[in-house]
Amino acid sequence: KISGKTAEWVMDPVFLCNKSEYISLSDKSRCRDKDYIFAYIVNPDSRNCETKFTGLEKVSDKLGLGLRITITAEKVLESMASKNRFMYPYENNCSVEDWLYFIINCGFVVTTSFHALCFCMLVEKPFFFVQGDMNDKHGFDRIRTLLTTADLMDRVYPTVEDALHSDVLQRD
């Protein structure tokens, strides 16, 4: 009101940029993986992280795709790797170009990240979101707003196992 201009409401600034800009950035990645599920797990809880990965392997088997994991908690991932809990390649805090490449070129996304959801919507990738014990205090309110506005709340599951028992993998 003060400036006399009408402000435009946008869900997140990533939507202000055309997806071709993000595709151009992803082209700078040295990755060339194909035929995989991209799992982007943000700040996993070490108490339930192994359950999430076990479920991811089942998603991979069900879709017949490999699994590419990026996680933002190196110590949890190293602990799991040392116990031979999964056989797929993973990244820890990869570059922006690689991260975009993984989303743009994958067959499916499983995530706990708001921004991964934004990019899935922008580049039209099938996905599901693992809510776990995330609540509004921890940022679930913005995820709910985004997905409700897009009529995609049916892609939110408490666990990977819950998603496996749904039809989310057959929808896209």
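Position numbers for residues count from 1 along each chain, tracking the sequence in the order it is written. Selection of residues for local features in this predicted model requires a pLDDT of at least 70, selection of side-chain atom pairs for listing and counting requires 80 or more, and totals for whole chains, interfaces and linings are taken over all residues. Heavy atoms throughout the structure, all of them, feed into the side-chain values; hydrogens and water do not.

(A) Region of the structure containing the nonpolar core. Buried residues of nine kinds, namely Ala, Val, Leu, Ile, Met, Phe, Trp, Tyr and Cys, make up a nonpolar core once their side-chain atoms join them within 4.5 Å. Categorising residues by exposure relies on relative accessible area from a 1.4 Å probe, with only protein chains included: less than 20% of the type maximum marks a residue as buried, more than 50% marks it as exposed, and the intermediate range marks it as partly exposed. In this structure, Phe38, Trp99, Phe119 and Ile143 are the most contacted members of the largest nonpolar core, which totals 32 residues. Mapped onto this core, the elements with two or more residues apiece are β1 (36–41), α4 (96–105), α5 (114–123), β5 (127–130) and α6 (140–149). Counting from the N terminus, the helices are DSSP H or I runs at least four residues long and the strands are E runs at least two residues long. With eight residues, α5 is the single largest residue contributor to this core. Sequence-distant contacts of phenylalanine 119, that is, excluding residues within four places in its chain, are made with Val14, Tyr22, Trp99, Leu100 and Ile103. The criterion used for residue contact is that any of the two residues' heavy atoms lie within 4.5 Å.

(B) Up close: the pattern of salt bridges. When a carboxyl oxygen of Asp or Glu lies within 4 Å of a side-chain nitrogen of Lys or Arg, that pair is called a salt bridge. Following the criterion strictly, the structure yields six salt bridges and no others. For arginine 68, the salt bridge is made with aspartate 33, and the minimal N-O distance between the two is 2.4 Å. Pair noted here: arginine 68 is in strand β2 (residues 66–71) and aspartate 33 is in the loop between α1 (19–26) and β1, with a separation of 35 residues, a long-range link. Given the relative accessible area of 26%, aspartate 33 is considered partly exposed. Here aspartate 154 and arginine 171 are joined by a salt bridge, their closest N and O atoms 3.0 Å apart. Residue aspartate 154 is located in the loop between α6 and β6 (156–157), and its partner arginine 171 is located in the segment after α7 (160–164); the two are separated by 17 residues in the primary sequence. With a relative accessible area of 42%, aspartate 154 lands in the partly exposed category.

(C) Main features of α6. Among all positions in α6, only Phe140, Ile143, Leu146 and Leu147 are buried. For α6, the angular spread of the buried residues around the axis is 125°, confining them to a single face. Looking at the buried residues of α6, the elements they touch are α5, β5 and β6. Phi turns positive one or two residues past the end of α6, at aspartate 151, with a value near 55°. As used here, the arc belongs to the directions running from the helix axis to the C-beta atoms.

(D) Molecular detail of the sheet that holds β5. Criterion used throughout: strands pair if DSSP finds at least two bridges between them. Taken in spatial order, the six strands make up an open sheet running β3-β2-β1-β4-β5-β6, and their pairing is parallel. Pairing within the sheet leaves two strands with one partner each, and these edge strands are β3 (90–92) and β6. Judged from the six bridges that link them, β1 and β2 form a sheet pairing that is parallel. Within β2, the position partnered with tyrosine 36 by the bridge is glycine 66. Comment: axis = line fitted to C-alpha atoms, over the contacting stretch for helices; angle = value between 0 and 180 degrees taken between N-to-C directions. In the packing of α4 onto the sheet, contacts are made with β1, β2 and β3, and the angle to β1 comes to roughly 130°.

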